[in-house]
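Secondary and tertiary structure notes
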Amino acid sequence: MTTQDRKFDQQAVALSRRRFLGLLGKGMVCAGTLVSANSAIGSAEVRGGKRAYQQNDAQYTESLNNPPEIPDYNWNDHQWAMGVDTDRCIGCLRCMEACKMENSVQMDAFHHRTWVERYVYLEGSNTAIVDSQADPKNIENTGSETKFRFDNRYRNVKVDKAFFVPKLCNQCEHPSCVQVCPTGATFKVKDGPVLIDTTYCIGCQYCVQACPYGARSFNEVRGVAEKCNWCYHRITKGLNPACVEVCPTGTRIFGDRNDPESPISLFIKNNHVQVLKPEMGNAPNVFYKGTDKEVV
Amino acid sequence: MPKHIVRLLALIVVVAIFAFSAKKFLTPDTFYQYGHYRGDAVAEIASKAPKLQGSASCEPCHKKAYAEWTDGIHRKATRKNAIQGVVYKYGPNCEVCHTGPAGNHPSKDAMPLSVEDQVTSITHPEIKVHPANVPGRKLMLTPEEMKGVCLNCHEKMEARPKEQRQIEVASHSGEELCTKCHNPHSPRIIYASLPQSRRGSAQAGKIVAAVCSGCHGAAGMSVNPSWPNLAGQHADFLVDSLKAFKSGVRKNDMMSSIAAGLNEADIRNVAAYFSRFSCGVTGGDKAEAALGKAKAANCAACHSAGGLYGSGAPGVSGIPTWPNLAGQNAEYLASTLRSYQDGSRTHPVMTSVAKTLSDSDIDHLSAYYASMKCK
């Protein structure tokens, strides 16, 4: 054995026990500090409540002191939310049509900012059959892609349970779509909605894939992503979103959570509500009442 | 330092300066204002003009329709006003059925025919947005399409909550259009008053009626109990019946040939003539009538003065296109029900109803309605 070999051997032994344990201990302390610091930042964001997603201190202060110039409106005074009472939905799809009119969404069954799904449990079945207005049979039934209507295919079969569920963008507290947007074209504003700046959208569709709720679609004509923004141009003028305005049964409830007497505050307070896919950690702002285990 | 390294460094510096200044120049001032986005975009998005205008915007011009809607069942505060503390607005507003935004108004595409004629002269200069500029998109142009609009919400369907009023189209109305019985602005109100143009003149009808009086009596009371009394019958029902004979939908040796000789105006006039007379009770076996009363609950939904939902004088139909039964000849009523049973006469509702009746049911019901007062 040469001198060099012996030296190497000694080093290896020294590393293998005492030094290794020491390093392990230091490493764990460092990692623990990092994790706790990180969660401290996260919880501060939640506790602050008002801070928009991914906003730093300076930007937060700016949004308080110098809000966007919208006539008779200050985004610091509002925290919008929506409720969906699926027990009341009749599946008439007028919300979808009104949304398309209001926001000039493409007039076919496949591009939509809000839509309605039908869940049907046949007799003795534990799994739901789901269809929406885009189902080929429903399109065939109306004879046109520009008329939205559910067909009556379950008329002659025995059904255990069935219901409609309106869907739309959940305007999450931690929106996946905003996280992946490379250009800052989509962002969460301080009063709740996630908006799209179409002049900055490059049409890469990362956001369409990132959304766990399938709430985004791609407008091939304009080359930009599209999504529900709770009719931001209406709610900032004191109006309800178009879908809420036309819903004939009061299925959709909209309002300001800062106001304890608003319809949405009462809805959340007086009903057992849930959000879709809570395990995704997106913290949605659309609250459902009466949905079933299969609704995601 | 070697020359080529210096050149390389210089190039990197130049590119870096260019890149930084380009970013500085191209990034809008407001880009990082509130976050990683253009701050101006928020106000831009908020500045879009709303298109749906709400029902209140219809009121100034369409006062009658608006009043019908506000007082009717299509505009309720809520069932019981509040559900678990939340007060819901309830019922479709104008823009739900009239194909959306008032911003698209007045447009022929957005209005049912009858209304369109009244509104073409009105313009709303302040609203210029055309929200539904989709080629070929036309809703509610014809009454047939209007039926589709009603069925969007009212077709009986699994998954619809039970509280929602729903109909089986085939047994509820068949091929009839919704608007024949319902006022879409408030579907509970029944179209009792048809446009004047559809009303005949009783005066003119008197001449035509000379032909009829041989069988149906000069005052509409038939000389033979197997023929129907016409006195006091709804004029609209008489018109529909004569037209059915004329077109061959209904067949009767005598009536088919007589109706074939009548023109549109004659039919209206003669119907108006007989509907003016007051009817008389023809009587019926009392014991049978008592039995028939129990069975008649099924008929009352249509053949009672209260119309579809209310109670009222039995045998007097609330809807002018459906016949009054009260005071009609028992024999004629019975033969009519039997003709529905054997298929010699058909009607989307009556055919299926008649098939549920037994022979004795028919006799009892006929006796019951024959004994009812017809006014």
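Residues numbered from 1 in each chain as written. Chains lettered and ligands numbered in written order. Predicted model: local features only at pLDDT ≥ 70, side-chain atom pairs only at ≥ 80, totals over all residues. Heavy atoms only, no water.

Some points on the overall build of chain A
Helix and strand content of chain A: nine helices and ten strands. Taken across its 296 residues, chain A has 52% of its residues classed as buried. A separation of at least 24 residues holds for 62% of the contacts in chain A among residues at least 6 apart in sequence. Carbon and sulfur atoms provide 54% of the accessible area of chain A, an area that totals close to 14,200 Å². (Helix = DSSP H or I, 4+ residues; strand = E, 2+ residues; numbered from the N terminus. Buried < 20%, exposed > 50% of the residue type's maximum accessible area, 1.4 Å probe, protein only. Contact = heavy atoms within 4.5 Å. Areas by Shrake-Rupley, 256 points an atom, 1.4 Å probe, with all protein chains shown as cover.)

Observations concerning the sheet that holds strand β2 (residues 114-122) of chain A
All names here are of chain A. The three strands lie next to each other as β3-β2-β4, forming an open sheet whose pairing is antiparallel. Unpaired on one side and paired on the other, β3 (129-132) and β4 (159-168) mark the two borders of the sheet. Ignoring strand direction, the axes of neighbouring strands in this sheet form an average angle of 20°. Taken together, the nine bridges between β2 and β4 define a ladder with antiparallel strand orientation. Its bridge partner lying in β4, E117 is registered against V165. (Pairing = 2+ DSSP bridges. Axes fitted to C-alpha atoms, helices over the stretch in contact; angles between N-to-C directions.)

A short note on the packing of aromatic side chains
All names here are of chain A. Scanning all chains against the criterion turns up 14 aromatic pairs over all chains. An angle of 15° between the planes, with centres 5.4 Å apart, marks the rings of W80 and F254 as stacked. Residue W80 is found in strand β1 (residues 80-85), and its partner F254 is found in strand β9 (residues 252-256); the two are separated by 174 residues along the sequence. For the cation-ring pair, K161 lies above Y121, with the distance from its terminal atom to the ring centre recorded as 4.8 Å. The lysine or arginine in question, K277, covers the ring of Y213, its NZ or CZ lying 5.8 Å from the ring centre. (Phe/Tyr/Trp six-rings, centres within 6.5 Å; stacked < 30°, edge-to-face > 60°. Lys NZ or Arg CZ within 6 Å of the ring centre and 35° of its normal.)

Details of the sheet that holds β1 of chain A
Residues and elements named next belong to chain A. Overall, mixed pairing links the three strands, which are arranged β9-β1-β10 in an open sheet. Here the strands that pair on one side only, and so sit at the sheet edges, are β9 and β10 (286-289). Sheet twist, expressed as the mean angle between neighbouring strand axes with direction ignored, is 20°. Bridging between β1 and β10 involves four bridges; their strand directions are parallel. Within β10, the residue paired with M82 across the bridge is V286. Along the sheet, helix α9 (residues 263-270) contacts β1, β9 and β10; its crossing angle with β9, the most-contacted strand, is approximately 115°.

Let's talk about helix α8 (residues 202-216) of chain B
Each full turn of the α-helix corresponds to 3.6 residues, which orients residues three or four apart in the same direction. Residue and element names in this part refer to chain B. Given a rise of 1.5 Å per residue, 15 residues ought to cover 21 Å, yet the end C-alpha atoms of α8 are separated by just 16 Å, more than 12% below that figure. The complete set of buried residues in α8 reads A202, G205, V208, A209, C212 and H216. In this fold, the buried residues of α8 make contact with α10 (253-260) and α11 (264-276). Looking one or two residues past α8, G217 carries a phi angle of roughly 80°, positive in sign. (Expected span 1.5 Å × (residues − 1).)

A word on the interface of chain B and chain A
Counting from both sides, the interface comprises 56 residues of chain B and, opposite them, 71 residues of chain A. Each partner contributes to the roughly 5,100 Å² buried at the junction of chain B and chain A, and carbon and sulfur atoms together form 56% of this total. Applying the counting criterion to the chain B and chain A interface returns two salt bridges. Between E155 of chain B and R149 of chain A there is a salt bridge whose closest N-O contact spans 3.5 Å. (Buried area = accessible area lost by both parts, 1.4 Å probe. Salt bridge = Lys/Arg side-chain N within 4 Å of Asp/Glu carboxyl O.)

Quick notes on the pattern of salt bridges
In a structure, side chains of opposite charge can pair up when their charged atoms sit close to one another. Residue and element names in this part refer to chain A. Tallying each qualifying case throughout the model produces 24 salt bridges over all chains. With a shortest N-O distance of 3.2 Å, R153 and D131 are connected by a salt bridge. Of this pair, R153 sits in the loop between α4 (136-142) and β4 while D131 sits in strand β3, and the two are 22 residues apart along the sequence. Overall, the relative accessible area of 24% leaves R153 in the partly exposed class. With relative accessibility at 4%, the residue D131 sits in the buried group. Within the structure, one salt-bridge network assembled from shared partners comprises R118, D131, D135, D151 and R153.

Remarks on the packing of helix α12 (residues 286-295) of chain B against helix α16 (residues 359-370) of chain B
Residue and element names in this part refer to chain B. For the pair α12 and α16, interaxial distance at closest approach is 7 Å and the crossing angle is 100°. Overall, the two elements α12 and α16 adopt an arrangement that is roughly perpendicular. The segment α12 lies against α16, with E288, A289, L291, G292, K293 and K295 engaging D361, D363, H364, L365, A367 and Y368. When grouped by side-chain class, the residues that make up the contact of α12 with α16 number five nonpolar, two polar and five charged. (Parallel < 35°, antiparallel > 145°, perpendicular 65-115°, else oblique. Nonpolar A, V, L, I, M, F, W, Y, C, P; charged D, E, K, R; others polar.)

Overview of helix α2 (residues 57-65) of chain A
All names here are of chain A. All of the buried residues along α2 are Q59, Y60 and S63. Along the axis of α2, the buried positions cluster into a sector of 100°, meaning they face one direction only. Among the exposed residues of α2, those oriented more than 90 degrees off its buried face are D57, A58 and N65. At the N-terminal end of α2, a side-chain oxygen is found 3.2 Å from the backbone nitrogen of A58, two or three residues along, and the residue is N56. (Arc of directions from axis to C-beta. Polar contact = N/O pair within 3.5 Å; in protein donor to acceptor, adjacent residues only side chain to side chain.)

Some remarks on the environment of T321 of chain B
All names here are of chain B. Secondary-structure assignment places T321 in the loop between α13 (297-300) and α14 (330-342). For the pair T321 and A235, spaced 86 residues apart in sequence, the C-alpha separation works out to 8.0 Å. In this view, T321 contacts K180, D236, F237 and D240; residues no more than four positions away in its chain are not counted.

With respect to unusual backbone geometry
Residues and elements named next belong to chain A. In this structure, L93 is a non-glycine residue whose phi angle is positive, near 65°. The residue L93 is located in the loop between β1 and α3 (94-103) in this model. On the basis of relative accessibility, which here comes to 1%, the residue L93 falls in the buried class. In this structure, S104 is a non-glycine residue whose phi angle is positive, near 50°. By the element assignment, S104 lies in the loop between α3 and β2. On the accessibility criterion, S104 (28% relative accessible area) is partly exposed.

A closer look at the environment of I129 of chain A
All names here are of chain A. Within the secondary structure, I129 sits in strand β3. Looking at I129, the relative accessible area reads 35%, which means it is partly exposed. With residues near it in sequence (within four places) discarded, I129 still touches R118, Y119, V120, L122 and Y154.

What about the state of the cysteines?
Residues and elements named next belong to chain A. Under the counting rule described, the total for this entry stands at zero disulfides over all chains. C95 provides the cysteine sulfur closest to C89, a residue in no disulfide bond, and the two sulfurs are 6.5 Å apart. No disulfide involves C95; its nearest neighbouring cysteine sulfur is the one of C92, lying 6.4 Å away. (Disulfide = S-S within 2.5 Å.)

So, the nonpolar core
Ranked by size, the top nonpolar core spans 50 residues in total, and within it W230 and Y232 of chain A carry the most contacts. For this core, the elements supplying multiple residues, two or more each, are β1, α3, β2, β4, α7 (232-235), α8 (242-246) and β10 of chain A together with α2 (40-46) of chain B. Beyond its immediate chain neighbours, meaning those up to four positions away, W230 of chain A contacts W80, A81, M82, L168, C169, Q171, P193, I235, P241, F254, N285 and V286 of chain A. Residues A296, L337, Y369 and M372 of chain B belong to the second largest nonpolar core, which totals 19 residues. (Core = buried A, V, L, I, M, F, W, Y, C linked by side-chain atoms within 4.5 Å.)

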